[in-house]
Structures are given as structure tokens and as C-alpha cells.
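Residue-level listing of the chains:
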Amino acid sequence: MSESNPRKKNRALVWVFLAPTVIGLGLFSVVPIIGSVVLAFFRWDIITNPEFVGFDNFGQMVTNPTIRVSFLNTITFVIAAVIVQLAVALGLAILVQSKMPNWLRTFFRSALFFPLILSAASVSLIMAYLFNYEFGLVNQFLTWIGIGKVGWLTTGFGAKVVVLLVYVWQNFGFTFLMFIGGVAGIPKEVYEASSIDGVVGWAQFRHITIPLISPTMLVASVMAIISALQIFDQPWVLTRGGPGDDTRTAVMVIYESAFRQLDFGGASAVGIVLTLVIMLVTGLQFQLSKRYVFYG
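Owing to the predicted nature of the structure, the values given are computational and were not obtained by experimental measurement.

Caption draft 1: Fine view of the overall build of the protein. Each helix and strand counted, the protein has 13 helices and 2 strands in total. In terms of C-alpha radius of gyration, the protein reaches 24 Å, well past the compact-globule figure of 19 Å for 296 residues. Oriented by its inertia axes, the alpha-carbon framework of the protein measures out at about 80 × 75 × 35 Å. Scored against the burial criterion, the 296 residues of the protein give a buried share of 37%. Taking the intrachain contacts of the protein between residues at least 6 apart in sequence as the baseline, contacts between residues at least 24 apart amount to 65%. With an accessible surface of roughly 17600 Å², the protein has 70% of that area assigned to carbon and sulfur atoms. Of the charged side chains in the protein, 18 are positive and 13 negative, and the gap between their average positions amounts to 9 Å.

So, in C-alpha cells, the structure goes:
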């Protein structure tokens, strides 16, 4: 009995410390998820009683052109944003890890990570002024060099480019730090041995750097895709999804359906499908990683 009592006390103490976290996860994560799944099968506008509609909310995702375009925009954006973000982050990581004073390396690490800690809404608001057609500094500079004004936020292609640039500029910092760690972890002896064998430049990058940081690239790509699939702040502040539906994303549709159209069932259905897409893409990445990730 002398041994069992302390164990019971320790077990009770563990549950006391775990209780706030468990209760918090239950109230703010598990319950809302279950509620969203249930709500997806109802039509509810808060004002009237919920009406069971079965799979109608999922069916409208096929028939509603706005929802279809928003998912297509999201997928297109994810492909472009992830490629640019990984390429920029990796290129800068290799550049920063090259021969330079430690103080300068520290400065670049801090400066390139800084945009990530800023509010996405405030950054997007500033960028909206910079790319404004009439008085934006970007168009003023283009006019000064003789190119003329460009409708950055008033044309479909221009708006997509601005949203992409703003998103990548603000979010590549975390990926950059991940690549910094991956590149710094490669032994210098490996590069020295490859140089003796005549493997330098692009061949060294392709056959040594890429394979040895492939685990880092896997994690970075998974996190980048999950983040990009949930983009909302930048297109909402910069374009409100316009012009037309050119920059409208899946998360924007969720927000507009729920809080503008009071269609909480439809918003829940779109959210569930988006979650399933994220899970599917993530699972597919880990499955394909068995072919290109080198852990040795």
C-alpha cells in the first residue's frame, strides 16, 4: 500500500496539470470541429432554426461558380507561392551561409525573418498604398523611368502578382531559417572532398546540398503548402477577392458565406473540404518523400 499511494498521488497530480490543456483543447478545438461537421449538413442562418439538408451544402460547391473559382485560385496560388517561397528561402540561406563576417550573417538572419512577425493585415494595407494606381510609389517610380502606370490591383494578373509577392515576402522568413539550419548542418568536409573530385558549382548544389537538406525541404514544403492553402489576409485587404473573383480564395469564401451571407452550413462544408484537401496533400507529400528524401 505504501507504494501504491504515492503512485496514485502522482497520477492525480499529472491529471491536475493536464486538465487545463485537455479542457482547452476540448472546448476550443474538438467541440468546434465536431460542431462544424454536424453543421455542414444543415442550413442555418442563426436567426431561424437549423434545417437538415443532407449533402446539399457539399453539392453547391460543384454548382456554385464562385466556390469553384476560389478553389482553383487557391490551388494555383499554392503552386506558385510554394515554389517561389522555397526557391527564395533556399537561395538566400545558401548566400547567407557563404563566407561573410558573423555579424553580417546575424544581421541578414534577423532582417529576413523580421517580416514574419509583422501583422499580415497591416503589411497588406501598406502594400495596397504602395501599389495604388493613382498615387502608389511603385507606379510613381515606373512613371519616372518611362514605363508608365500599371494597374496592379485593378487587373486580374496584376492583382495575383501583388498578392503573391506580398505573401511570399512576409512568409519566407521561417522557411529561410529552416534552410539556414539545414545548410549549416552539412559538414564542410563533404564540400571539400567534392571539390577535390571536381564536383563544384551547380553539380555540388544538385548532388550534395539538395540531398543532404532534403528532410528540411520536406518539412518546409509541408508547412508552406498548409499555410498557403489557408491564405486570407493578403487578398482580403489588398483586393477583397477582386477584380471579379480573380483573387478570391477558399478561406475568403468561408468567411463571406458565414459572416456576410449567414450561410453557416455552406461555410462549414467548404471548410471541411479544405481541411480534407490539406490532409490529402500532406499525406501525399509524406508518401512521395520516400523516393526523394535522404536520411543518411
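Caption draft 2: A look at helix H12 (residues 250–259). Here H12 lies mainly inside the structure; 7 of its 10 residues are buried. For H12, every residue scored as buried is listed here: Ala250, Val251, Met252, Val253, Glu256, Ser257 and Ala258. Where H12 is buried, its residues meet helix H3 (65–96), helix H10 (214–229), helix H11 (233–238) and helix H13 (264–292).

Caption draft 3: Structural context of the packing of aromatic side chains. Under the counting rule described, the total for this entry stands at 16 aromatic pairs. The interplanar angle of 65 degrees and the centroid separation of 5.6 Å between the aromatic rings of phenylalanine 107 and phenylalanine 108 together place this pair among those described as edge-to-face. Owing to a relative accessible area of 49%, phenylalanine 107 belongs among the partly exposed residues under this scheme. When its relative accessible area of 30% is taken as the criterion, phenylalanine 108 is described as partly exposed. Ring geometry for tryptophan 236 versus tyrosine 255: centroids 5.1 Å apart, planes at 70 degrees, classification edge-to-face.

Caption draft 4: Representation of the environment of tryptophan 152 within the structure. By secondary structure assignment, the location of tryptophan 152 is in the loop between helix H6 (137–144) and helix H7 (156–184). Considered as a pair, tryptophan 152 and leucine 116 are 36 residues apart in the sequence and their alpha carbons are 23 Å apart. With residues near it in sequence (within four places) discarded, tryptophan 152 still touches Phe131, Val138, Asn139, Leu142, Gly158, Ala159, Val161 and Val162.

Caption draft 5: Local environment of the packing of helix H4 (residues 102–113) against H7. Look at H4 against H7: their axes get within 8 Å of each other, and the N-to-C directions meet at 145 degrees. Contacts between H4 and H7 pair Phe108, Arg109, Leu112 and Phe113 from the former with Phe172, Gly173, Phe174, Phe176, Leu177 and Ile180 from the latter.

Caption draft 6: How the structure looks around unusual backbone geometry. Residue proline 243 follows glycine 242 across a cis peptide bond; omega there is -5 degrees. Along the polypeptide, proline 243 turns up in the loop between H11 and H12. Even without glycine at this site, isoleucine 46 takes up a positive phi of about 75 degrees. With respect to the secondary-structure elements, isoleucine 46 resides in the loop between strand S1 (42–43) and strand S2 (51–52). Taking relative accessible area as the criterion, isoleucine 46 reaches 49% and is therefore assigned partly exposed. For arginine 240, which is not a glycine, the phi torsion comes out positive at approximately 55 degrees. Relative to the assigned elements, arginine 240 resides in the loop between H11 and H12.

Cut-off values and rules
- Residues numbered from 1 in each chain as written.
- Predicted model: local features only at pLDDT ≥ 70, side-chain atom pairs only at ≥ 80, totals over all residues.
- Heavy atoms only, no water.
- Helix = DSSP H or I, 4+ residues; strand = E, 2+ residues; numbered from the N terminus.
- Rg over C-alpha atoms; globule rule 2.2 N^0.38 Å.
- Buried < 20%, exposed > 50% of the residue type's maximum accessible area, 1.4 Å probe, protein only.
- Contact = heavy atoms within 4.5 Å.
- Areas by Shrake-Rupley, 256 points an atom, 1.4 Å probe, with all protein chains shown as cover.
- Lys, Arg positive; Asp, Glu negative; His and termini not counted.
- Charge placed at Lys NZ, Arg CZ, Asp CG, Glu CD.
- Phe/Tyr/Trp six-rings, centres within 6.5 Å; stacked < 30°, edge-to-face > 60°.
- Axes fitted to C-alpha atoms, helices over the stretch in contact; angles between N-to-C directions.

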